[in-house]
Amino acid sequence: MSATAPPATPGRASQETDERLLRTSPLRKLMGRPELGSVVGAVAVFVFFSFFADSFLKASSFSTVLYAASTLGIMAVPVALLMIGGEFDLSAGVLVTSSALVSSMFSYQMTANVWVGVGVSLLVTLAIGAFNGLMLTRTKLPSFIITLGTFLMLTGLNLGFTKLISGTVSTKSIADMEGFASARKLFASELTLGDVTLKVTVLWWFVLIALATWILLRTRFGNWIFAVGGGADAARAVGVPVNRTKIGLYTGVAFAAWVSGQHLLFSFDVVQSGEGVGNELTYIIAAVIGGCLITGGYGSAIGSAVGAFIFGMTSKGIVYAEWNPDWFKFFLGAMLLLATLLNAWVRKRAEATS
């Protein structure tokens, strides 16, 4: 004897159909993306400077914009992941300089191959990142306080050690040392694609974007990041290794700082010990413009890349439009507020249709 399903009532069938449409609606999925607001902002900035800056659309100008975006974006990607995990790193800017200083001074003082200095710099930079994570998880102090302390210590160490070893506020030249040319190819070379000349930092940036996106969307660690940012206690209750996740995120920021520091060193040969102060705020701004919430638990690596691209377009677009660059910070602040408001509006719309 065969069983037949009870006939569906018209109201029930209509309700099921509406739910299926909601689940599969491309517009609903698009509205839920954290980087939607930043993409809209990027299009608006691009159109704006296309009209007001004659040379903005040239291939050479585009490569310059990409370079400016990549130098910021390399750091903005791991900073975005850290913010999704609910934490900050105010030492990220000076950590870039610290990484470059360690690499340069160790190579010069030990008269070793520059690759030795690069390797030592990697170990030291990762250790500083791990220190931030360990201090955060052991003391339970806010990340603002922990990384502010690290920021001040690194600022003093950068200046103190550089003057102690070099006698000035900048490092000695290492351009004539063995291994400099090969290291420069990896961290500061250029690639020519048709009429466009791209810095290797653009490739580093794209690789980090792809890696971070894969981690967030395809790995268990990515689920841990969102869970920790949404609520550390709740995440711990369901078995998420909160401490290990946060230490890993700070180590990721340190790795990106090492990459950026080596680019700084091998681009200019010498490093000024006072560089990097204030850049940490720019990294956070790029992440927030890209859709990351200050409270954590929401955001994307792609959004941070779009935020960095907006920064690149604005910083160079003002120059191409021949405006006074003193207004740059004003435009950056305005974009931060507008992007945050737009992201909040998009989230409310997404929640209303869910």
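As the structure is a computational prediction, the values presented were derived from the model and not from experiment.

1. With respect to the overall build of the protein chain
Part 1 of the argument: The helix and strand tally for the protein chain stands at 15 helices and two strands.
Part 2 of the argument: Burial status across the protein chain gives 47% buried among its 354 residues.
Part 3 of the argument: Taking the contacts inside the protein chain whose residues are at least 6 apart along the sequence as the reference set, 76% of them involve residues at least 24 apart.
Part 4 of the argument: For the protein chain, the computed accessible surface area is about 17,600 Å², with 68% contributed by carbon and sulfur atoms.

2. Details of helix H12 (residues 242–268)
Part 1 of the argument: Across its 27 residues, H12 extends 40 Å between first and last C-alpha, which sits within 8% of the 39 Å expected from 1.5 Å per residue.
Part 2 of the argument: Looking one or two residues past H12, Asp269 carries a phi angle of roughly 75°, positive in sign.

3. Topic: a nonpolar patch on the surface
Part 1 of the argument: Nonpolar side chains collect at one region of the surface, where Val39, Val43, Phe46, Val47, Phe48, Phe51, Phe52 and Leu57 lie side by side and expose about 770 Å² of accessible area between them.
Part 2 of the argument: Here Phe51 is to be found in helix H3 (residues 36–52).
Part 3 of the argument: Residue class for Phe51 comes out exposed when judged on its relative accessible area of 67%.

4. Overview of the pattern of salt bridges
Part 1 of the argument: Tallied over the entire structure, the rule returns three salt bridges.
Part 2 of the argument: For Glu87, the salt bridge goes to Lys246, with nearest N and O atoms at 2.6 Å. Separated by 159 residues along the polypeptide, Glu87 in the loop between helix H4 (59–84) and helix H5 (92–109) and Lys246 in helix H12 bring together distant segments of the chain. Each member of the pair, Glu87 together with Lys246, is buried.
Part 3 of the argument: Close ionic contact of Glu190 with Lys199 constitutes a salt bridge, the shortest N to O distance being 3.0 Å.
Part 4 of the argument: Residue classification places Glu190 among the partly exposed positions, given a relative accessible area of 47%.

5. Comments concerning the confidence of the model for the protein chain
When pLDDT is low, close inspection of the predicted coordinates is not appropriate.
Part 1 of the argument: When pLDDT is averaged across the protein chain, the result is 87; 88% of the residues are at 70 or more.
Part 2 of the argument: Between the elements of the protein chain, mean pLDDT differs from a low of 45, seen in helix H1 (residues 10–24), to a high of 97, seen in H12.
Part 3 of the argument: Low confidence marks residues 1–22, where pLDDT is under 50. Its contacts with residues over four positions away, or in another chain, come to two contacts.

6. Quick look at the environment of Met83
Part 1 of the argument: In this structure, Met83 sits in helix H4.
Part 2 of the argument: Residues in contact with Met83, not counting those within four places in the same chain, are Phe88, Ile284, Ala287, Val288, Cys292, Leu293, Ile294, Gly296 and Gly297.

7. Thoughts on the side chain of Gln262
Part 1 of the argument: Here Gln262 lies in helix H12.
Part 2 of the argument: Using a relative accessible area of 0% as the deciding quantity, one classes Gln262 as buried.
Part 3 of the argument: Reaching out from Gln262, the side chain makes a polar contact with the side chain of Ser103 at a distance of 3.0 Å.
Part 4 of the argument: What Gln262 contacts, discounting residues up to four positions off in sequence, is Ser99, Ala100, Ser103, Val118, Ser121 and Phe187.

8. What about the packing of aromatic side chains?
For any pair of aromatic rings, the description rests on two quantities: the centre-to-centre distance and the angle between the ring planes.
Part 1 of the argument: Under the defined criterion, the tally for this structure stands at 15 aromatic pairs.
Part 2 of the argument: Relative to Phe49, the ring of Phe48 has its centre 5.2 Å away and its plane inclined at 80°; by these criteria the two rings are edge-to-face.
Part 3 of the argument: Its relative accessible area of 34% is what places Phe48 among the partly exposed residues.
Part 4 of the argument: Measuring from ring centre to ring centre gives 5.9 Å for Phe49 and Trp323, while their planes differ by 45°; the resulting arrangement is tilted. You can see Phe49 sitting in helix H3 and its partner Trp323 sitting in the loop between helix H14 (301–320) and helix H15 (328–352), a full 274 residues away along the chain.
Part 5 of the argument: Among the residues examined, Trp323 registers a relative accessible area of 30% and is labelled partly exposed.
Part 6 of the argument: Members of the aromatic cluster, each reached through a chain of ring pairs, are Trp115, Phe180, Phe187, Trp204, Phe255, Trp258 and Phe266.
Part 7 of the argument: Over the face of the ring belonging to Tyr67 we find Lys199, whose NZ or CZ atom lies 5.5 Å from the ring centre.

9. Notes on the packing of H5 against H12
Part 1 of the argument: Taken N-terminus to C-terminus, the directions of H5 and H12 make an angle of 55°; their axes are 7 Å apart at the nearest point. Overall, the two elements H5 and H12 adopt an arrangement that is oblique. The two elements H5 and H12 cross, and the hand of that crossing is right-handed. Judged by residue contacts, Ala92, Leu95, Val96, Ser99, Ala100, Ser103 and Ser104 of H5 engage Val253, Ala254, Ala257, Trp258, Ser260, Gly261, Gln262, Leu264 and Leu265 from H12.
Part 2 of the argument: The residue makeup of the contact of H5 with H12, split by class, is 10 nonpolar, six polar and no charged.

Parameters and conventions
- Residues numbered from 1 in each chain as written.
- Predicted model: local features only at pLDDT ≥ 70, side-chain atom pairs only at ≥ 80, totals over all residues.
- Heavy atoms only, no water.
- Helix = DSSP H or I, 4+ residues; strand = E, 2+ residues; numbered from the N terminus.
- Buried < 20%, exposed > 50% of the residue type's maximum accessible area, 1.4 Å probe, protein only.
- Contact = heavy atoms within 4.5 Å.
- Areas by Shrake-Rupley, 256 points an atom, 1.4 Å probe, with all protein chains shown as cover.
- Expected span 1.5 Å × (residues − 1).
- Patch = residues over 30% accessible without salt bridge, like charges linked within 9 Å, V, L, I, M, F, W, Y side chains within 5 Å.
- Salt bridge = Lys/Arg side-chain N within 4 Å of Asp/Glu carboxyl O.
- pLDDT = per-residue confidence, 0-100.
- Polar contact = N/O pair within 3.5 Å; in protein donor to acceptor, adjacent residues only side chain to side chain.
- Phe/Tyr/Trp six-rings, centres within 6.5 Å; stacked < 30°, edge-to-face > 60°.
- Lys NZ or Arg CZ within 6 Å of the ring centre and 35° of its normal.
- Axes fitted to C-alpha atoms, helices over the stretch in contact; angles between N-to-C directions.
- Parallel < 35°, antiparallel > 145°, perpendicular 65-115°, else oblique.
- Left-handed = near helix turned anticlockwise from the far one by under 90°.
- Nonpolar A, V, L, I, M, F, W, Y, C, P; charged D, E, K, R; others polar.

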